Each structure stands twice: as C-alpha cells, then as structure tokens.
Amino acid sequence: MRTSIATVSLSGSLTEKLTAASRAGFDGVEIFENDLLASPLTPEEIRERCADLGLTVDLYQPMRDIEAVPEEEFRRNLRRARHKFELMRRLGADTVLVCSSVHPLAIDDDALAAEQLSRLADLARESGIRVAYEALAWGRHVSTYDHAWHIVESAGHPALGTCLDSFHILSRGSDPKGIEDIPGEKIFFLQLADAPLLAMDVLQWSRHYRCFPGQGGFDVAGLVGHVLRAGYDGPLSLEVFNDVFRQAEAGPTAVDAHRSLLVLQEALGVAELPAPVVPTGVAFAELVTPDAEPVAEVLGALGFARTARHRSKPVDLWQAGEARILVNTGPAARRDGTGLAAIGLESPDPAGAARRAEALLAPVLPRRRASEDAPLDAVAAPDGTELFFCATDRPELPSWRADFEDTGQEPQAAGVRRIDHLALVQPWHQFDEATLFHRAVLGLAAQESVDVADPYGLLRSRAVTSADGGVRIALSVGAAPADDTVHAQHIALATDDVVAAARRLREAGGPLLPMPANYYDDLAARFDFADGELATYRELGILYDRDAYGEFRHCYTRTVGRVFFELVQRDGGYRGYGAQNAPVRLAAQHAARRLTDG
Ligand SMILES: O=C(O)c1ccc(O)c(O)c1
Ligand SMILES: [Mg+2]
C-alpha cells in the first residue's frame, strides 16, 4: 500500500521534513498548515520539491471550527475556505482535512452540520478538492467516528467523505468494527497513530504522547484490518504528535516511522517481508577499548581467560563457560573509549536474519574484515550497537571463531556459565524506536516497561527476550542525556553460585560495587533468610529479589569506561532483572563515581 506521513510528525523545517520522509521511503505527505506558513518556499516551490523527492501531497490540514455554527460565522468560514482551496490548487493537494469543531459557538445540530459541510463541499468541488471530515476525540459535539460518518452520510455529497484517525477512535474506546459499515469510497483518508495506555486528558494525550504503530498499547493493525475490509484503498498515513519526535533528528525518526508501517502491513498480510529469524543465544559481546589492561583485569578477576586472538586484528577472545567477550583495541576503540560496541547473536540463519533486518531499514554494515576472514552479516541497531548474525558451531556455515587462533589458555573454573543478558542504555530519543526495532527485526518479545528511580532522574526499562531466554536484552532510557559512567552499558553473566563467584572476584582484586547497609536492613524486614545468608550478601554487595517464579541474586563490578559487569544467579525460573534493586544500584554507582572523581 502507499505510505504517507504528516509533516507534524517530524522535526525541522518543511524542507528537512520532506527530505527525511522521502529518504525513508514514504510515497506521500500530509502538509500541516503551520509547516507551510513558516516555510520560505512558495506553494508552487513546495509542490515542485515534493515532486522532485517522489512525494505526493496527499492531504492539506487542518481546517478547524467550520461546521454547525450560526450562518454569519459560517459565511466567514467559507471565505476562509476559498483562500485555502486556492492555496491547495497551487500546492497540488486535492484533499483537505476538516476536524470536528471545538468552537464555543458550535451548535449541537447534526442537520446543520451536514448542511454546512455540504456547502463547503460544493465550494471544494469547484476546485477539484475533496473534504475529509474527522471527529476529534475532544470535539465539542462530534467526538466519535460513527457520529462524524452519520453526518457525512446524511449530507450525501460526492465531495464529502470521512477521515478516520486511529488515535481518536481507540483513545475513546470506540469499537472499530463499525468501520466496516462505512462504504470504502467514503473513507477519504486514514491517519494512524499508536499511544501508550495512559489515564489522562485525551487532548493532552493526543498532542504529546502519540507514537508510531507498534510502539504503544493500541491495536492499530486490528483497526486497519476493519478499514481495509470496508474497501479503503488510500494511503496509510502516520500522524504523530510527540514531544520527543519533535526534538529528535528527522532522518532517523522517519526511518523508525516507515519501519512501523512495514511491520503493520506484514501483520495485515498486505506486505511480505523476509521471515523473522529469532536468535537463539549470544555468541559474543564485543568491547572496544583504547587500553586493554583495565578490562583484562576485570575479566581475569571474573574468571575469564584470554583463550584466542584474532589472526589479523588487535582483538582478543576472552572466555568463561559459554560466555565470550571480544576485546578490541583497534582504531574504533581509540576514538570512543571503553564501551560495548557489538553483539554477536547466534542465528539459525544468519543470511536470512540480515535480509529481514535490511528489509526493515536497518543499516547493513560493511564487513570490516580481512579477505581470509569468515563473512559475517551485520547490521546497526538504532543506538549504533553493531549486531552480528553468527553461526558458531555449524560446520556447514562459516564461523567467526575460525578467524581466531587459540592461545592455549583455559578458562578458570570460576563458575560463569554464559551471558545472561545485555543491558543497553538508549539515547533519550530512541527508546520506542529501539523496542520496535528489536521486536520487529530480531523477532524478540517485549516485556512490560518498568520505571526505575535514579537519584538524579528516572529511567524507563524494558526487556526484549527470546522465548527460552537464550537472548535477553534490557533496554533502558533516561529523560535527559545520559551520564556515561553510571548509565553505562552492562554485561550480566550467569552463574550457579553468585556467592562463590563474588568471593573469587574479590579475592582476585576485582572491583565489587559496595551496597549501602540500609538496603540489607530492608531485606531483613522483607524476607526470611537462613542463618548468616544476609550477612554474606551484605559483605559482598549481593542484592536479592524474588518473583512468582523464583529467586534472583546479583552483584556488580565498578564501571570501566562506559561498561560494567553483573554476576547473576537465577533460581526456579525467575523472569526479571532485579528492577526492584536498580535504584539502590544506581545510587551506589553515583556514590562510587564521586569517590573516584574526588
Ligand atoms: O490535535 C489536533 O488539533 C489535531 C489536528 C488534526 C488532526 O488530524 C488531529 O488528529 C488532531
Ligand atoms: Mg488526525
């Protein structure tokens, strides 16, 4: 289907918005009046720019407070409309959106509304324009889609139809099934937006919190299904008012937006994408660092051994159990400092996984490899983390492991079994995009979003996981630009005995993060522990949590550059990530940083 986006959904000047929409693959735009008013381009120049960019102008909007008003007021409205229709002719737009009146003079009289909309449509038709009437959820007398449709139906005018907007329909809890009773050719336009499920004033909700389909809590795909069954064949158009997108760069937002429509069309069966290939495990995590020494110290204390070295690049493989960490001291590292740069995902079909990622607009990465290296398919996640699709132990496929030569060192028996999860702090404006990306591109399931108090802010955190927990990625975000040392990425390592692992870490001189005594007093109040158990946790800085399925014990290292490590012990099928303990951990990290910084 054709795709379109309202200019209000993107940041910047009208030219920047149009360029971003075109680059991301949209076919058309809805031009918002304010964007046009503020543009130095004439309507003809805008029309030309759109044509050059391969965009059609699918809608001009909005016209407000038109209908069901006293005659004198309505005549002024027609005069206004005449000007706008002339403007639309110059712009090359043939459909105008009229949203239901919020005017204090508006009269609760459907017959009058129908009559005046009919007269407006008469005038529009003279200019070859169609009028699409939309119910705003907070309209004064018309606030539901079926009410707007009844007015359009009774007007019976060929140049008057309705515009459906998923936000207005779903925010009011209207049953979208009734859409199928509207003849498809009378649905002149379809606007799509999702939103998180919030209990708040609907106008504020709409103007600040709309997001792209799949990023909120509405069944947007279900609604579109009804619209398609009604026979609608116009574009799918995104109309998203969102405080974050208004500030974020238009280019990436437009890509995120277009990806959401690809996923939506796949769900509806009207577009085919390469099938998702769900990763089965974490092949490796790759750290880049200008100075391998501090990283090597922590990894050594955690029981990792440097088991192999890349044949042609300055990359070491450190291993403990099935946990593999690459330490890269190459050129990228010298630029960025110590951080988590890449994740290797074990994939049943690496090439297929990369094809899906590419179809969903993920940047495909050039293979940074020497000619003798194994080919590795890789794409970039929205935050820039490189994702490699790997086939580690399958003789029929090339393996990244073959590029490494064994050093002869064996991992110590320190009890680290595997990578339990990776925690990735997202740039403040990319959280919803990151969640949709990991769900749609990688086929991971998004868990509930949780709020975590930080002494200096509030974090939102949401895990995306594979069904068996083989891949767990915890995404989080703060409202403000992140403090790199505290809101750092981290690698959580699974162990069967966190007490033993923490002891060994400390004995090896590893930098365990100390926790405040008050936390342990609270644990004593909340849970019954065996004799001495709590004292051990207190001594080692181990945190404790419990859910309906099992128990969780975990502790942290101090931060090295922009990365730290966690040791975790899951028992009895515990599903979470210790979010309950995160505020204490964050406070401890802030305190540790103050000590280091002086
Ligand atoms: O918030 C508004 O005013 C507004 C304007 C035009 C629309 O299409 C809409 O859905 C909302
Ligand atoms: Mg709308």
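Calculation rules
- Residues numbered from 1 in each chain as written.
- Chains lettered and ligands numbered in written order.
- Predicted model: local features only at pLDDT ≥ 70, side-chain atom pairs only at ≥ 80, totals over all residues.
- Heavy atoms only, no water.
- Axes fitted to C-alpha atoms, helices over the stretch in contact; angles between N-to-C directions.
- Helix = DSSP H or I, 4+ residues; strand = E, 2+ residues; numbered from the N terminus.
- Parallel < 35°, antiparallel > 145°, perpendicular 65-115°, else oblique.
- Left-handed = near helix turned anticlockwise from the far one by under 90°.
- Contact = heavy atoms within 4.5 Å.
- Nonpolar A, V, L, I, M, F, W, Y, C, P; charged D, E, K, R; others polar.
- Phe/Tyr/Trp six-rings, centres within 6.5 Å; stacked < 30°, edge-to-face > 60°.
- Buried < 20%, exposed > 50% of the residue type's maximum accessible area, 1.4 Å probe, protein only.
- Lys NZ or Arg CZ within 6 Å of the ring centre and 35° of its normal.
- Disulfide = S-S within 2.5 Å.
- Salt bridge = Lys/Arg side-chain N within 4 Å of Asp/Glu carboxyl O.
- Pairing = 2+ DSSP bridges.

**Student:** So what about the packing of helix 1 (residues 14-24) against helix 11 (residues 250-268)? Which residues, and what values?
**Tutor:** Where helix 1 meets helix 11, the closest approach of the two axes is 8 Å, and the angle between their N-to-C directions is 40 degrees. As the angle between them shows, helix 1 and helix 11 are arranged oblique. Of the two elements, helix 1 crosses helix 11, and the hand of that crossing is right-handed. Residues Glu16, Ala20, Ala21 and Ala24 of helix 1 touch helix 11, and the partners they reach there are Ala250, Gly251, Ala254, Val255 and His258. Taken together, the residues that form the contact of helix 1 with helix 11 break down as six nonpolar, two polar and one charged.

**Student:** Can you explain the packing of aromatic side chains? Please cite residues and give values.
**Tutor:** Taken as a whole, this structure holds 16 aromatic pairs when the rule is applied. Relative to Trp205, the ring of Phe167 has its centre 5.4 Å away and its plane inclined at 80 degrees; by these criteria the two rings are edge-to-face. One end of the pair, Phe167, is in helix 7 (residues 166-171); the other, Trp205, is in helix 8 (residues 202-209), and 38 residues separate them in sequence. Neither residue differs from the other here; Phe167 and Trp205 are each classed as buried. Seen in terms of ring centroids, Tyr519 and Tyr520 are 5.0 Å apart; in terms of plane orientation they differ by 85 degrees. Their pairing is edge-to-face. Classification of Tyr519 by relative accessible area gives buried; the value is 6%. The exposure class assigned to Tyr520 is buried, which follows from its relative accessible area of 0%. Ring pairs connect the aromatic residues Phe284, Phe388, Trp400 and Phe404, which therefore count as one cluster. Just above the ring of Phe188 sits the side chain of Arg130; from NZ or CZ to the centre is 4.0 Å.

**Student:** Describe the state of the cysteines, and please don't skip the residues or the numbers.
**Tutor:** Tallied over the entire structure, the rule returns zero disulfides. No disulfide involves Cys211; its sulfur sits 18 Å from that of Cys163, the nearest cysteine. The exposure class of Cys211 is buried, given its relative accessible area of 1%.

**Student:** How would you summarise the pattern of salt bridges if you had to cite specific residues and measurements?
**Tutor:** A complete count under the given rule lists 31 salt bridges for this structure. With a shortest N-O distance of 3.3 Å, Arg75 and Glu71 are connected by a salt bridge. Of this pair, Arg75 and Glu71 are both found in helix 4 (residues 71-91), four residues apart, which corresponds to roughly one turn of the helix. Given a relative accessible area of 54%, Arg75 falls into the exposed group. Glu266 is paired through a salt bridge with Arg356; the nearest N and O atoms lie 2.9 Å apart. Of this pair, Glu266 sits in helix 11 while Arg356 sits in helix 14 (residues 350-359), placing them 90 residues apart in sequence. Judged by relative accessible area, which is 24%, Glu266 ranks as partly exposed. One network of salt bridges, with partners in common, ties together Glu71, Arg75, Glu115 and Arg119.

**Student:** An account of the sheet that holds strand 11 (residues 315-320) is needed here, citing residue identities and associated values.
**Tutor:** Across the sheet, eight strands lie side by side as 14-15-13-9-12-11-10-16; this open sheet has mixed pairing. Of all strands in the sheet, those with a lone pairing partner are strand 14 (377-380) and strand 16 (404-406), marking the two edges. Between one strand axis and the next, the sheet turns by 30 degrees as a mean value, whatever way the strands run. Pairing between strand 14 and strand 15 (residues 386-390): four bridges, direction antiparallel. Paired with Val379 across the bridge in strand 15 is Leu387.

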